[in-house]
Amino acid sequence: MHASVSDPVASSMNFLNEIAGRFPDAISLAAGRPYEGFYQTTDISRYLANYASYLDAQGVDPRRALMQYGRTNGQIHGLIARMLAGDEGIDVPPESIGVTAGCQEAMVIVLRGICAGSDDVLLAASPCYVGITGAARLLGVEVVPVPSDNGFDPESVARVAAAVRSAGKNPRALYLVPDFSNPRGDCLDVPTRHRLLEVARESRLLILEDDPYGLFGLDDRARPRLKALDTNRDVIYLGSFAKSCFPGARVGFFVADQEVVDAAGRRTLLADELSAIKSMLTVNTSPISQAVVGGMLLEADCSLRALNASKVEFYRSNLLALLDSLATHMPPSVTWNTPAGGFFAVVKVPVLADIALLEKSAAAYGVLWTPMSFFYPEGGGEHAIRLASSYLSAAEIDEGVRRLAALLSDAAA
């Protein structure tokens, strides 16, 4: 079987789901999923009705649009373009947007499209989201980490890209989450964003900007997306409605407005070229799922920021509650970072934070967490854990941290 089937990094998400199923009463500080209190199943029919009315007004037959095969790159691309322009100042033609079955599919499509040869390499800010490393390994694309434990430095990108070229390989792109990254919750300042774009141009790199958490900062400071600053079309933007709407819709998207010129001089958008991969992977993204997300966007005048105002306050409060609980309960030997936003914090511990300790934590202490070793493409993080604050109430967070502190104190003793 293919190596990706048994790859420990690629299988880590399955493992976390499995252990949560075996210990359903454990408090999960591992699950980085949205809080379910924001959702009602009755909302789905309203969103569908919103979108059907919109189709009618556009002179489009809702039955055909919702129940038939559709455009490979999706049908809500125009609404997404309005959202990006209004919320983020990202002005791109709707035709440059491909709607996908979750952002995970967008990663697979983009990687398959831009990594053509066996010597093409993906750079990734490390630690990084396991979904990108899993997607790369599934496709046989080598991932080379750019260390960022002590903060992300664009000059490190230049050095790693140069080293990859010296080894006879082609550094094709850099993957990172500039805003409130998973797992650390870090955020690039504006000068760093500008310098990173310069480095990308100098190093002949595309940037894959993943933005699942950008709405959920601890403050309201303006943080322009890399794509909004991208005057040279060096950035492919990856978006998701999982955290901002709801994960069950399974709708993500990519923005690929780069111009492609073939051997005959024909000019197309990269998004159009990537649609060929999409057509062979999932044919098209579910029109029903697109309609639900489209209806939500229409209800909020195509503003995710407006749609998520109450969620932003909730997630801010929860992340602060997590940090307060760590300060209250943890022994002096344990330290943690201070994230700028998002759903996660990283805790450094004086013991080996491996699967064996997680099993003990679940069975004997009733609390789940994620080993940080899952997030390092080439090893690392053995004495650190990731904690998530998004899925629980403040009281559950506090109890979960108290249980975790007891585990760590006993294990260290």
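Refer to the structure printed above.
Treat the numbers as computed from the prediction; the structure is a model and nothing was measured.

A.B. asks: How would you summarise the nonpolar core if you had to cite specific residues and measurements?
C.D. replies: Among the nonpolar cores identified, the biggest contains 42 residues, and L322, L326, M330, W369, I385, L387 and L404 are the most heavily contacted of them. Among the elements of the structure, α2 (12-22), α13 (309-329), β12 (344-348), α14 (355-365), β13 (367-368), β15 (384-388) and α15 (394-412) are those that each provide at least two residues to this core. Counting residues per element, this core draws most heavily on α15, which supplies six residues. Ignoring sequence-local partners within four residues, the contact set of L326 consists of W336, V347, L387 and V401.

A.B. asks: How would you summarise helix α6 (residues 102-114) if you had to cite specific residues and measurements?
C.D. replies: A rise of 1.5 Å per residue sets the reference length of α6, with its 13 residues, at 18 Å; its end C-alpha atoms lie 19 Å apart and thus fit the reference within 8%. Of all 13 residues in α6, 10 are buried, a share of seventy percent or more. Of all the positions in α6, only G102, C103, E105, A106, M107, V108, I109, V110, L111 and I114 are classed as buried.

A.B. asks: I'd like a rundown of unusual backbone geometry, residues and numbers included.
C.D. replies: Only a minority of non-glycine residues have a phi that is not negative, and only a minority of peptide bonds are not trans. Geometrically, the link from S126 to P127 is a cis peptide bond, its omega value of 10° lying close to zero. Following N182, the chain continues to P183 via a peptide bond in cis, the omega torsion being 25°. Residue position: P183 is located in the loop between β5 (170-176) and α9 (190-202). With a phi close to 70°, V283 is a non-glycine residue in the positive phi region. One can find V283 in the loop between α10 (270-281) and α11 (287-299). Even without being a glycine, D301 presents a positive backbone phi close to 55°. Along the chain, the position of D301 falls in the loop between α11 and α12 (304-307).

A.B. asks: So what's going on with the sheet that holds strand β8 (residues 252-255)? Which residues, and what values?
C.D. replies: In spatial order, the strands read β2-β8-β7-β6-β5-β3-β4; together these seven strands make up an open sheet with mixed pairing. Each of the sheet's edge strands pairs with one partner strand only, and the pair in question is β2 (97-100) and β4 (142-147). For this sheet the average axis-to-axis angle between neighbouring strands, irrespective of direction, equals 25°. As defined by bridge partners, strand β3 (residues 120-126) adjoins β4 across six bridges and the pair is classed as parallel. By the bridge assignment for β4, L123 is matched with V144. On the sheet, α9 packs against β5, β6 (206-210) and β7 (235-240) and is oriented at approximately 140° with respect to β6.

A.B. asks: Could you give an account of the pattern of salt bridges, with specific residues and numbers?
C.D. replies: Counted according to the given criterion, the structure contains 30 salt bridges. A salt bridge links R82 to D301; its shortest N-O distance comes to 3.4 Å. Here the residue R82 occupies a position in helix α5 (residues 77-88), and D301 occupies one in the loop between α11 and α12, the gap between them amounting to 219 residues. In this structure, the salt-bridge partner of R223 is D219, at a minimum N-O distance of 3.0 Å. Classification of D219 as partly exposed rests on a relative accessible area of 28%. Taken together, the shared-partner salt bridges in this structure form one network comprising E88, D179, R193, D211, R225 and R305.

A.B. asks: Tell me about empty space enclosed by the protein, and please be specific about residues and values.
C.D. replies: For the structure shown, the criterion picks out one cavity of 30 Å³ or more. Quantified by volume, the largest cavity comes out at close to 180 Å³. Considering the residues around the largest cavity, the lining is formed by 18 residues, among which E88, D211, L215, Y237 and L304 are closest to the centre. Listed by contribution, the elements that provide at least two residues to the lining of the largest cavity are α5 and β7. When residues in the lining of the largest cavity are grouped by element, the largest group, four residues, is from α5.

A.B. asks: Pulling in residues and values, what's your account of the packing of α13 against α15?
C.D. replies: Axis separation between α13 and α15 bottoms out at 9 Å; the angle between their running directions is 35°. Viewed along their axes, α13 and α15 form a crossing whose handedness is right-handed. On the side of α13, the interface is formed by N318, A321, L322, S325, L326 and H329, while α15 contributes A394, I397, D398, V401, R402 and A405. Among the residues making up the contact of α13 with α15, the classes are represented as seven nonpolar, three polar and two charged.

A.B. asks: Outline the sheet that holds β15, supporting the account with residue identities and numerical values.
C.D. replies: Spatially, four strands are ordered β11-β12-β15-β14 in an open sheet, and the strand pairing comes out antiparallel. Sheet topology places β11 (335-336) and β14 (370-371) at the edges, where each strand pairs with a single neighbour. Two strands pair when backbone bridges link them, and β14 and β15 are joined in this way by two bridges, in the antiparallel orientation. Bridged to T370 within β15 is R386.

A.B. asks: Would you mind going over α14 in detail, with residue names and values included?
C.D. replies: Within α14, burial applies to L357, L358, S361, A362 and Y365. For α14, the angular spread of buried residues about the axis comes to 135°, placing them on one side. α14 presents A356, A363 and A364 as exposed residues on the side facing more than 90 degrees away from its buried surface. Residue G366 follows α14 closely and has a positive phi angle near 70°.

A.B. asks: Explain the pairing of β3 residue by residue, including any values.
C.D. replies: Most of β3 sits inside the fold, with seven of its seven residues counted as buried. Of the two faces of β3, both are covered, the one formed by D120, L122, A124 and S126 as well as the one formed by V121, L123 and A125. In this sheet, β5 lies alongside β3 in parallel orientation, the contact comprising five bridges. Considered in β5, the bridge of V121 is made with P171.

A.B. asks: Go over the packing of aromatic side chains with me, naming the residues and quoting the values.
C.D. replies: Within the structure shown, the criterion is met by 15 aromatic pairs. Summarising the aromatic geometry, the rings of F38 and F314 are spaced 5.3 Å apart at their centres and angled 85° between planes, so their arrangement reads as edge-to-face. Here F38 is found in the loop between β1 (27-28) and α3 (42-57), whereas its partner F314 is found in helix α13, with 276 residues between them in sequence. When its relative accessible area of 24% is taken as the criterion, F38 is described as partly exposed. Each member of the aromatic cluster is reached from another via a ring pair, and the members are Y35, F38, Y213, F216, F314, Y315, F343 and F344. A cation over an aromatic ring shows up here: R33 above the ring of Y391, its NZ or CZ 5.4 Å from the ring centre.

Conventions used here
Residues numbered from 1 in each chain as written. Predicted model: local features only at pLDDT ≥ 70, side-chain atom pairs only at ≥ 80, totals over all residues. Heavy atoms only, no water. Core = buried A, V, L, I, M, F, W, Y, C linked by side-chain atoms within 4.5 Å. Buried < 20%, exposed > 50% of the residue type's maximum accessible area, 1.4 Å probe, protein only. Helix = DSSP H or I, 4+ residues; strand = E, 2+ residues; numbered from the N terminus. Contact = heavy atoms within 4.5 Å. Expected span 1.5 Å × (residues − 1). Pairing = 2+ DSSP bridges. Axes fitted to C-alpha atoms, helices over the stretch in contact; angles between N-to-C directions. Salt bridge = Lys/Arg side-chain N within 4 Å of Asp/Glu carboxyl O. 1 Å grid on protein atoms, 1.4 Å probe; cavity = no way out; pocket = protein on both sides within 12 Å on 5 of 7 lines; lining within 4 Å. Points joined across faces, edges and corners; volume = space filled by probe spheres on them. Left-handed = near helix turned anticlockwise from the far one by under 90°. Nonpolar A, V, L, I, M, F, W, Y, C, P; charged D, E, K, R; others polar. Arc of directions from axis to C-beta. Phe/Tyr/Trp six-rings, centres within 6.5 Å; stacked < 30°, edge-to-face > 60°. Lys NZ or Arg CZ within 6 Å of the ring centre and 35° of its normal.

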